[in-house]
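A structural walkthrough
Spelled out, the chains give:
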Amino acid sequence: MSNTLSSVTFPVRYAETDQMGVVYHANYLVWCEIGRTKLIEDIGFRYADMEKEGVMSPVTKINLNYLRPATYGQDVTVKTRIINYTGVRVTYSYEIYADQVLLVTGESEHVCVDAKTFKPIQMKKRFPLWDKAYRNHLSSVPFS
């Protein structure tokens with residue numbers, strides 16, 4: 001299996017912080033989405049293409065562990081990898097850093113569903129190349 005890790009870095013924007021200059025907790029969810037989208041693009045696909053084909057991937061579970069806050073003016077790095085994939089469900093793992101200090105760890109689980117019926121779909125049948133890529137990029141190796 002591949003040890004695929006995707007990484008994206010961007011600045012903390014003023015609008016993402018509270019009056020103390022500390023990032024509001026819900027913004028980390030958005031940052032995980034940025035990381036997840038980057039990983040998908042890194043392995044050759046796009047969410048938008050999936051949605052054009054009538055498939056969505058809603059979140060079914062999410063867990064974030066807040067260790068330290070990010071603050072205005074810092075650059076943050078989101079590292080993302082696929083840690084579980086069944087052909088219907090996928091779990092992504094995240095680590096968010098600033099100044100090489102680990103701020104947040106977490107995971108999100110998503111299920112692939114038909115956009116009209118919201119019934120789960122088999123990725124292998126609907127998107128065989130995407131299914132193969134996810135299986136090839138599944139990682140059991142911890143972040144380093």
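Up top is the structure these notes are about.
Okay, so let's go over this structure. (Residues numbered from 1 in each chain as written. Predicted model: local features only at pLDDT ≥ 70, side-chain atom pairs only at ≥ 80, totals over all residues. Heavy atoms only, no water.)

1. A word on helix α1 (residues 27-42)
Its 16 residues place the ends of α1 23 Å apart at the C-alpha level, agreeing with the 22 Å of an ideal helix rising 1.5 Å per residue. All of the buried residues along α1 are N27, Y28, W31, C32, G35, R36, L39 and I40. Positive backbone phi, at 105°, marks G44, one or two positions downstream of α1. (Helix = DSSP H or I, 4+ residues; strand = E, 2+ residues; numbered from the N terminus. Expected span 1.5 Å × (residues − 1). Buried < 20%, exposed > 50% of the residue type's maximum accessible area, 1.4 Å probe, protein only.)

2. A look at unusual backbone geometry
Phi is positive for Q100, which is not a glycine, with a value near 65°. Secondary-structure assignment places Q100 in the loop between β5 (89-98) and β6 (101-111). Residue Q100 is classed as exposed on the basis of its relative accessible area of 77%. Its identity is not glycine, yet F118 carries a phi of approximately 60°, on the positive side. Within the fold, F118 resides in the loop between β7 (113-114) and α3 (123-126).

3. Let's talk about the packing of aromatic side chains
The relative placement of two aromatic rings is captured by the distance of their centres and the angle of their planes. If you walk through the whole model with that rule in mind, you get 9 aromatic pairs. Here Y28 and Y66 contribute two aromatic rings whose centre-to-centre distance is 5.4 Å and whose plane-to-plane angle is 70°, an arrangement assigned as edge-to-face. Of this pair, Y28 sits in helix α1 while Y66 sits in strand β3 (residues 59-66); the two residues are 38 residues apart in sequence, bridging distant segments of the chain. Here the aromatic rings of W130 and Y134 are separated by 6.2 Å at their centres, their planes lie at 50°, and the arrangement is tilted. Of this pair, W130 and Y134 both sit in helix α4 (residues 128-137), 4 residues apart, which is roughly one turn of that helix. For the pair formed by W130 and Y134, the shared burial category is buried. Members of the aromatic cluster, each reached through a chain of ring pairs, are F45, Y85, Y92, F127, W130 and Y134. Its end group placed over the ring of Y92, R36 keeps NZ or CZ at 6.0 Å from the ring centre. (Phe/Tyr/Trp six-rings, centres within 6.5 Å; stacked < 30°, edge-to-face > 60°. Lys NZ or Arg CZ within 6 Å of the ring centre and 35° of its normal.)

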